[in-house]
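# Notes for the structure review
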Amino acid sequence: MAELTVIGKPVTRVDVNEKVTGEAIYGYDLVLPNMLYGKTLFSLKAHARIKNINTEKAKKLPGVVTVVTAEDAPWTHGESIKDKPFLAQGKVRYIGEPVAAVAAEDEDIAQAAVKLIEVEYEDLPVYTEPEEACKPGCVAIHEDFAKYRKVDFIVGSHLPNVAEHFKLRTGDVEIGFKQSDLVVEERYFVPIIQHAAMEPHSAHAQFDKESGRLTIWVANDAPFRALHEITESLNMPKEKIRFINPLQGGGFGSKGGLKVEPIAVALAFHTNGRPVRVKFNREETFISTLTRHEAVVYCKSGVKKDGTLMAREMTIYWGAGAYAEKSPTVCIRGSLPAPGPYRIPHVKVDGYAVYTNKPVAGSYRGYGIPQGAWACEQQMDEIAKRLGMDPVEIRMKNIFVEGDVSYWGERLHAVGLKETLIKATEAVDWGKATEAPRPGVKIGKGFACIQKPTRSPTTSNAGVMVNSKGEVTVLAGTVEIGQGCNTILSQVAAEELKVPMEKVFMHPLDTDIIPYDASTTSSRSTYHMGNAVRRAAIHARQQITEAAGPMLEANVQDLDFGDGKVFLKDQPQMALPIGEVVKRKLGINGIVRGDGSYTYEIGKDLDLETGHSDHASAFYMYATQAAEVAVDEESGRVRLLRMSAAHDVGKAINPLNCVAQIEGGVAMGIGSALHEEMVVDKTGKVRNPSFLDYHLVTSLDVPKMIPIIVECPEPEGPYGAKGLGEPGLAPTPAAIGNAVADALGVRVYDLPLKPENVYWAIQNKRKKDAA
């Protein structure tokens, strides 16, 4: 490989100036000419039939342009399962479900009109716990589930309210347990949490009757997925629908698919061509968009005396909430690697995505990996303790290494897990005791390992245009959601065309112009879109090279690129700016366009009965995080002293950006470990739908962070790169949980590790010891 000029360098983000100066316009800020304002009526019932909706008073309020219900918008949507109505149809399934919407001349009028809508309900049984909702005899939350359109990988169940049943079968766990010297079994729980992006949800929509065109402005992390869902729902030609993406103020998985968009679209069909904006406030975002899945995890492990893992059996109940959304794929992709990144000859996993009468759950940074890791990695430490082994030792004996065949049947390569384990534990001085600052405070250390797949197979397409000024414009469907993708993709284009970074620009995301991309999810963008942009830039470079040959009186193979110029390799002074080449070849308005595409061609879906695939993921991400904590025995408060986070990134395209991703992920993981839980009572009502009562991590909670970049190159990745965005928070809660257990000698099985949970664990241990 030729010497790299910008790849691997800590380049400053390309969007830094507009964001720090406040010039950036986010979706929530967008104001369109002649715009109407939309407001939504949300269900106050968790599960009920709609007997009647009276909108007459709302329609008569001066300034109201339209009021819509399901009668006006009789459509449904869904990615894996088409089960979610634009507005509630016949019944409501959770508190916060959109029932009706108003468009008016200003927000105050719209909100006043919403309050005038009258709805009569007939109550139905409410199920708030996934384990309870799938017990035989429970009332179906979706009576017509069998009739819904489903993708072909959905596996049903004889149990009620199960949207997906994932099965993984390797060997025979009963034989494995019989061959084991120690068997450990426990129940773990991970609560619902909120994405808590800085920018709440919003969407704008406009329908032009004359052209039949529907335009949607929304900060969506998967505009082409949203385009497909809207197209399927409305039965409109794809060419008649356009998505324009303003900047997004964070999402963490919450802003893919359709959330506020259906409400804006439903209104736009009745506003005589005027655009309508629907904005959710923080409480509405909490109850009516998306949450992370709660999970009940049963984990049973069998080991030999020397620490060799023999068998692991897991049953995971994923709380899907009222609609399927991403639950089937979270269930699959979260359950598959839940037994951990270890060689285990006998594995059995059953994952159930279960409908409940709670807010809808969907994708969240980590995509199911944190829930499985919370159980598996704590059990690994418990096993080590009972065997009298060091937790590092037992993992080193069993972790995946290069060339291993996973328990789902895939031969693994580019496995940097061992190095992450060594470096993360060394960074917190593993094996060395830290003196407690005062009596009543216990110090402990813990760590956790994870492996995460990416969504496969998927496709990314890109274009790279070079104009007569030598400026490079990248057309890519990857959405800048704060993760720095615009900088990474700009670096790739700059590297291949050998132009300064300030000459590279990202084209605004518009589905009428930008080539198709699957989504900005699953930590796939650097790998997939990075490859596509690289190929597009190479294609553009080839065209410029061919055009420059006659101009420089040289053969193509004798030319090279550098500093925005094409030159003769043996006579570097014989050079032309690439813009000049374009100008001479195509004129002052000429543009050279290169196109590129990348698909992980050998990706293979999992077998529906065994969960096996020899190419389940384009690449795997590996990480180990280690924590040191101080626990106050009298209050139960956990304080983090330091955390190391070693992540195998393949190749760090931008080390500065990698560090930011790691630190941001760890901070989110600390929040989910120590504080965060969205409390939903037995009636289905969210009790803490605002930042006043929902405890996010603050700077006071964040300890000294030690980010560690491990580079185990992925051969198919651009310059060896993998992905990084999601794993940053995946091992964090388990690492902290293990550190708390090390400090106290007692384990807490349910997240979060808030003071009262830890306090009662201490008290129960004292009672047990005294008995």
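Since we're looking at a predicted model, the values are computed, not measured.

Calculation rules
- Residues numbered from 1 in each chain as written.
- Predicted model: local features only at pLDDT ≥ 70, side-chain atom pairs only at ≥ 80, totals over all residues.
- Heavy atoms only, no water.
- Helix = DSSP H or I, 4+ residues; strand = E, 2+ residues; numbered from the N terminus.
- Rg over C-alpha atoms; globule rule 2.2 N^0.38 Å.
- Buried < 20%, exposed > 50% of the residue type's maximum accessible area, 1.4 Å probe, protein only.
- Contact = heavy atoms within 4.5 Å.
- Polar contact = N/O pair within 3.5 Å; in protein donor to acceptor, adjacent residues only side chain to side chain.
- Pairing = 2+ DSSP bridges.
- Axes fitted to C-alpha atoms, helices over the stretch in contact; angles between N-to-C directions.
- Salt bridge = Lys/Arg side-chain N within 4 Å of Asp/Glu carboxyl O.
- Domains from an automatic or database assignment.
- Buried area = accessible area lost by both parts, 1.4 Å probe.
- Parallel < 35°, antiparallel > 145°, perpendicular 65-115°, else oblique.
- Left-handed = near helix turned anticlockwise from the far one by under 90°.
- Nonpolar A, V, L, I, M, F, W, Y, C, P; charged D, E, K, R; others polar.
- Expected span 1.5 Å × (residues − 1).

## Re the overall build of the protein
Check the secondary structure of the protein and you find 18 helices and 28 strands. Taken against the 2.2 N^0.38 rule, which gives 28 Å for 771 residues, the C-alpha radius of gyration of the protein at 27 Å falls within 12% of a compact globule. A principal-axis box enclosing the C-alpha atoms of the protein has dimensions of 90 × 75 × 50 Å. The proportion of buried residues among the 771 residues of the protein is 63%. Within the protein, contacts between residues at least 6 apart in sequence are counted, and of these 80% link residues at least 24 apart.

## Description of the side chain of Ser644
Mapped onto the fold, Ser644 is located in strand S27 (residues 638-648). A distance of 2.7 Å separates a polar side-chain atom of Ser644 from the backbone oxygen of Ala424. Excluding residues that lie within four positions of it along the chain, Ser644 makes contacts with Ala424, Ala427, Val428, Thr624, Gln625, Ala626, Ile706 and Ile708.

## Remarks on the sheet that holds strand S18 (residues 441-453)
Taken in spatial order, the 4 strands line up as S18-S26-S27-S28 in an open sheet, and their pairing is mixed. Whereas interior strands pair on both sides, the edge strands pair on one side only; in this sheet they are S18 and strand S28 (704-710). If you compare each strand with its neighbour and ignore which way they point, the axes differ by 15° on average. Of the strand pairs in this sheet, S27 and S28 are connected by 7 bridges, and their pairing is parallel. Pairing of Arg642 across the sheet is with Lys704, part of S28. Against the sheet, helix H12 (residues 417-427) touches S18, strand S26 (620-632), S27 and S28, its axis set at about 20° to S26. Sheet strands in contact with helix H16 (residues 655-674) are S26, S27 and S28, and its direction is about 130° off that of S28.

## Thoughts on the environment of Leu421
Within the element layout of this structure, Leu421 appears in helix H12. Considering only alpha carbons, one finds Leu421 and Arg541, 120 residues apart in sequence, at a separation of 41 Å. Aside from chain neighbours lying at most four places away, what touches Leu421 is Val392, Arg395, Met396, Ile399, Phe447, Cys449 and Thr624.

## Brief notes about the sheet that holds strand S6 (residues 91-92)
With antiparallel pairing, 3 strands are arranged side by side in an open sheet as S6-S2-S8. The open sheet has two edge strands with one neighbour each: S6 and strand S8 (118-123).

## Things to note about the pattern of salt bridges
This model, assessed by the stated rule, comprises 51 salt bridges. Put simply, Asp404 and Arg343 hold a salt bridge, and the shortest N to O gap is 2.9 Å. In this pair, Asp404 is assigned in the loop between helix H11 (391-398) and H12 and Arg343 in the loop between helix H9 (327-335) and strand S17 (346-355), connecting sequence segments 61 residues apart. A residue is classified by how much of its surface remains accessible, and Asp404, at 14% relative accessible area, is buried. A relative accessible area of 30% places Arg343 in the partly exposed class. The closest approach of N and O atoms between Arg584 and Glu580, which form a salt bridge, is 3.0 Å. With Arg584 and Glu580 both in helix H15 (residues 578-586) and 4 residues apart, the pair spans about one turn of that helix. Residues joined by salt bridges that share partners form a network here, namely Glu79, Arg225, Glu229, Lys259, Glu325 and Lys326.

## Here we look at the domain arrangement of the protein
Annotation of the protein at the domain level lists domain 1 (16-23 + 458-599), domain 2 (31-124 + 213-249 + 255-280) and domain 3 (294-455 + 605-770). The C-alpha-based centres of domain 1 and domain 2 are spaced at 39 Å. Taken together, the contact between domain 1 and domain 2 spans 17 residues of the former and 15 residues of the latter. Summed over both sides, the interface of domain 1 with domain 2 buries roughly 1,300 Å², with 56% coming from carbon and sulfur. Across the domain 1-domain 2 interface, the total number found is 3 salt bridges.

## Quick word on the packing of helix H10 (residues 369-387) against H11
Two elements in contact, H10 and H11, have axes whose closest approach is 9 Å; the angle formed by their N-to-C orientations is 110°. Taken together, H10 and H11 sit at an angle that is classed as roughly perpendicular. In the crossing of H10 with H11, the sense of the turn from one axis to the other is right-handed. Side by side, H10 and H11 meet where Glu377, Met380, Asp381, Ile383, Ala384 and Leu387 of the first sit next to Pro391, Ile394 and Arg395 of the second. The residue inventory of the contact of H10 with H11, partitioned by class, reads 6 nonpolar, no polar and 3 charged.

## Digging into H16
Here H16 contains 20 residues, and its C-alpha end-to-end distance of 28 Å stays within 8% of the 28 Å for a straight helix at 1.5 Å per residue. Burial within H16 is extensive, with 14 of its 20 residues counted as buried.

## Quick notes on the environment of Gly596
Take Gly596: it is sitting in strand S25 (residues 591-599). The spatial distance from the C-alpha of Gly596 to the C-alpha of Gly416 is 29 Å, given a sequence separation of 180 residues. Residues in contact with Gly596, not counting those within four places in the same chain, are Ser460, Asn461, Ala462, Ala532, Arg535 and Ala536.

## Focus on the pairing of strand S23 (residues 565-568)
Note on strand geometry: in a regular strand, side chains alternate between the two faces of the sheet. Where strand S22 (residues 559-562) and S23 come together, 4 bridges link them in antiparallel fashion. The residue bridging Leu559 from the neighbouring strand is Leu568, located in S23. Here S22 hands over to S23 after 2 residues, with Asp563 in that stretch at a positive phi of 55°. The pairing of S23 with strand S24 (residues 575-577) spans 3 bridges and is classified as antiparallel.

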